[in-house]
Amino acid sequence: MRQYQLKGAMGTVTNRLAISDELSRAQSSGPAGAEATHAKNVAPVDTSAVSPRPEGSIYMGGFRASKIENVRVAVIGLGERGVLQTLHFLSIPHCEVVAVCDPYDGAAKAMANQIEQCTGRRPAEYDKNSMAYKKMLTEVKPDAVIINTPWETHAQMAIDAMESGAHAFVEVPLAITLEDLWRVVDTSERTQKHCMMLENCNYGRNELMFLNMVRQGLIGELLHGEAAYIHELRMQMFSEDRGCGSWRTNHYASRNGNLYPTHGLGPVAQYMNLARGEDSFDRIVSFSSPAKGRAAYAKKNFAPDHKWNKLEFKCGDMSSSLIKTKLGRTILVQWDETSPRPYDRKNLIQGTEGTLADYPLRVAGERISPGVSEIPEKGGQPGGAEISSEGGYHEWYEGDAAEKGLYSKYDHPLYKRLGEKARKKDNRGGMNYIMLCRVIECLHNGEPMDQNVYEGAFWSAVGPLSEKSVNEGGAPQIFPDFTRGDWKNTAPLPVIR
Ligand SMILES: NC(=O)c1ccc[n+]([C@@H]2O[C@H](COP(=O)([O-])OP(=O)(O)OC[C@H]3O[C@@H](n4cnc5c(N)ncnc54)[C@H](O)[C@@H]3O)[C@@H](O)[C@H]2O)c1
């Protein structure tokens, strides 16, 4: 395992959250922690006040930037995620990694060495301190900046990247406060630079397939979705000085809500065309379970005087939120990185004629269950379905049977085009590679991004809104309309070939 020393203006890792204040004017949305036992205010809390779009700024939904022949990419943050993303770029056509930045001793150098070995070209290295990325933006003037740093730094880095003339691509979540989400949206509109949150789960095989199936109308009118990120990650606490656990653990101590909502929500939001013409986010209620698991884990695995045993963990182990959309649809969003539970993103979409679900893959529906035979379109007559056994949709496909029956028929064209190569490159079934291929393709061809800045903002807003709801005993919170009403004229994400 490589070891790195923190150096320069970053100070010590234990004050990482404090350091990032330097970057992000970090604000907390209300007093963190204490969860009221009953709703203080059952009327929706309106956090949605929207100021008019400033003159000279433009709406960025569907925005097309000028085509870029060869995309010059700079990467900020070379931890677990940054290294993985950077290596992917080396085999994607029409791009070059021209600069890398990380203040840990050795991180930028190690990455630059690896890039030089693979490509014969050495990128510029920036590693002096936590502000070195600004120097990189000024000196290198990249076309695209990829931000893979701790959550609290995302917003300011994206803003600085766009201000410098680059398109910004930001790891999840886009920002952790509503104020910062607005600053990101406003900067993107003013500078007319893309700002895409990199929600890789939208490029999972099953997520892409469900999008394809939903677009074909196979489950009728959409009613309800379920989304989650349930992934036991307590072992990250062993990354005490560097790595995800070294900064993420402080978030569990200081906040209470759904701190990581976008992996499950992103795909469901795109099935429903939320903030894209058809429907949008309206309100959210949220509750947290007691916060037990982190403290118990710290007690069991670390010395009594260890820094983790000095924290008071506020964040409920399981967070459950319910979103209501403008059309009245519902979405359950859950998050738990603490409890021993099977991994689950839920990925469930339910319509009037069927339901697609994941973990494991299951489908049932009037047109897609076992015992339902499809009637193809013939002689101008529309096709349909015939239920051969009594109520065919009382049976459903599950696991291998579902995979066999569905992938060959409904795999998304993008997955058919890139999936095999992506699977070889990417231990998460190819989703990261497909996502980064699309980022470069869109920049190269001057196409709109698959996820616009408003989607990143809405999906991430579940973080601060759930914190506020939990803090107010589950009181409903209204989503700010980051599009200022323009979602109504935004095209749904098409099924990309
Ligand atoms: N989409 C996914 O599946 C997925 C998976 C893991 C992590 N993530 C996200 O990726 C981001 C990074 O996570 P990670 O696991 O790689 O964390 P990490 O701690 O391993 O890496 C973060 C890196 O950022 C560097 N950094 C911190 N401040 C910096 C600054 N001012 N300038 C330059 N570099 C700086 C750190 O030195 C560290 O190397 C997080 O936002 C996380 O939520 C996403």
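Note: the structure precedes this text.
Rules behind the numbers
- Residues numbered from 1 in each chain as written.
- Predicted model: local features only at pLDDT ≥ 70, side-chain atom pairs only at ≥ 80, totals over all residues.
- Helix = DSSP H or I, 4+ residues; strand = E, 2+ residues; numbered from the N terminus.
- Buried ≥ 20, exposed ≤ 12 C-beta atoms within 10 Å, placed from the backbone.
- Contact = placed C-beta atoms within 7 Å.
- Axes fitted to C-alpha atoms, helices over the stretch in contact; angles between N-to-C directions.
- Parallel < 35°, antiparallel > 145°, perpendicular 65-115°, else oblique.
- Nonpolar A, V, L, I, M, F, W, Y, C, P; charged D, E, K, R; others polar.
- Near = placed C-beta within 6 Å.
- Pairing = 2+ DSSP bridges.
- Core = buried A, V, L, I, M, F, W, Y, C linked by C-beta atoms within 7 Å.
- Arc of directions from axis to C-beta.
- Left-handed = near helix turned anticlockwise from the far one by under 90°.

1. Concerning the overall build of the protein chain
- In terms of helices and strands, the protein chain carries 14 helices and 18 strands.
- Counting across all 497 residues of the protein chain, residues that qualify as buried make up 52%.
- The long-range fraction of contacts in the protein chain, counting pairs at least 24 apart against all pairs at least 6 apart in sequence, stands at 77%.

2. Overview of the packing of helix H5 (residues 154-163) against helix H6 (residues 178-191)
- Where H5 meets H6, the axes come as close as 9 Å, and the angle between the chain directions of the two elements is 10°. Taken together, the axes of H5 and H6 are roughly parallel relative to one another. Facing H5, whose interface residues are Ala155, Ala158, Ile159, Met162 and Glu163, H6 presents Asp180, Arg183, Val184, Thr187, Ser188 and Thr191.
- Partitioned by chemical class, the residues of the contact of H5 with H6 number 5 nonpolar, 3 polar and 3 charged.

3. Describing the site of the ligand
- Taken together, 24 residues sit near the ligand, with Gly77, Gly79, Arg81, Ser130 and Glu171 positioned nearest.
- When its residues are assigned to classes, the shell around the ligand shows 11 nonpolar, 9 polar and 4 charged.

4. Some thoughts on the sheet that holds strand S2 (residues 71-76)
- The 6 strands lie next to each other as S4-S3-S2-S5-S6-S7, forming an open sheet whose pairing is parallel. Among the strands making up the open sheet, the edge pair consists of strand S4 (124-126) and strand S7 (195-197). For this sheet the average axis-to-axis angle between neighbouring strands, irrespective of direction, equals 20°.
- Bridging between strand S6 (residues 167-170) and S7 involves 3 bridges; their strand directions are parallel. Looking at the pairing, Val170 lines up with Met197 of S7.
- On top of the sheet, helix H13 (residues 431-445) reaches S2, strand S3 (95-101), strand S5 (144-147), S6 and S7; it is set at about 140° to S2, its chief contact.

5. Quick notes on unusual backbone geometry
- That bond from Val172 to Pro173 is cis: its omega, -10°, falls within 30 degrees of zero.
- Positionally, Pro173 belongs in the loop between S6 and H6.
- Cis geometry is adopted by the peptide bond preceding Pro360, which originates at Tyr359 and carries an omega value of -5°.
- Here Pro360 shows up in the loop between strand S13 (354-357) and strand S14 (362-365).

6. Looking at the nonpolar core
- Ala158 and Val184 are the most contacted members of the largest nonpolar core, which totals 125 residues.
- Counting residues per element, this core draws most heavily on H13, which supplies 10 residues.

7. Notes on helix H4 (residues 132-140)
- Taken residue by residue, H4 has Ala132, Tyr133, Met136 and Leu137 as its buried positions. Buried residues along H4 cover an arc of 145° about the axis, so they all sit on one side. Among the exposed residues of H4, those oriented more than 90 degrees off its buried face are Thr138 and Glu139.
- In this structure, the buried residues of H4 make contact with S2, S3, S4 and H5.

8. Some remarks on the packing of helix H7 (residues 205-215) against helix H9 (residues 262-271)
- With their axes 9 Å apart at the nearest point, H7 and H9 run at an angle of 15° to one another. With respect to each other, H7 and H9 are oriented roughly parallel. You can see that H7 and H9 cross each other, and the crossing is right-handed. Taken together, the residues of H9 that come into contact with H7 (itself represented by Glu207, Phe210, Leu211 and Val214) are Pro267, Gln270 and Tyr271.
- When grouped by side-chain class, the residues that make up the contact of H7 with H9 number 5 nonpolar, 1 polar and 1 charged.

9. Quick look at the environment of Leu137
- Examined against the element boundaries, Leu137 turns out to sit in helix H4.
- When the C-alpha atoms of Leu137 and Ala161 are compared, they prove to be 6.7 Å apart, with 24 residues separating the residues in sequence.
- Not counting chain neighbours up to four residues away, the residues in contact with Leu137 comprise Asp160, Ala161, Ser164 and Ala166.

10. Thoughts on the pairing of S13
- Pairing between strand S12 (residues 348-351) and S13: 3 bridges, direction antiparallel. Pairing of Ile349 across the sheet is with Leu356, part of S13.
- Here S12 folds back onto S13, and the loop between the two strands holds 2 residues.
- In terms of strand pairing, S13 meets S14 through 4 bridges, oriented antiparallel. Residue Thr355 lies in a different strand from S14, and its bridge partner there is Ala364.
- The hairpin turn running from S13 into S14, its antiparallel successor, is 4 residues long, and Tyr359 in that turn takes a positive phi close to 65°.

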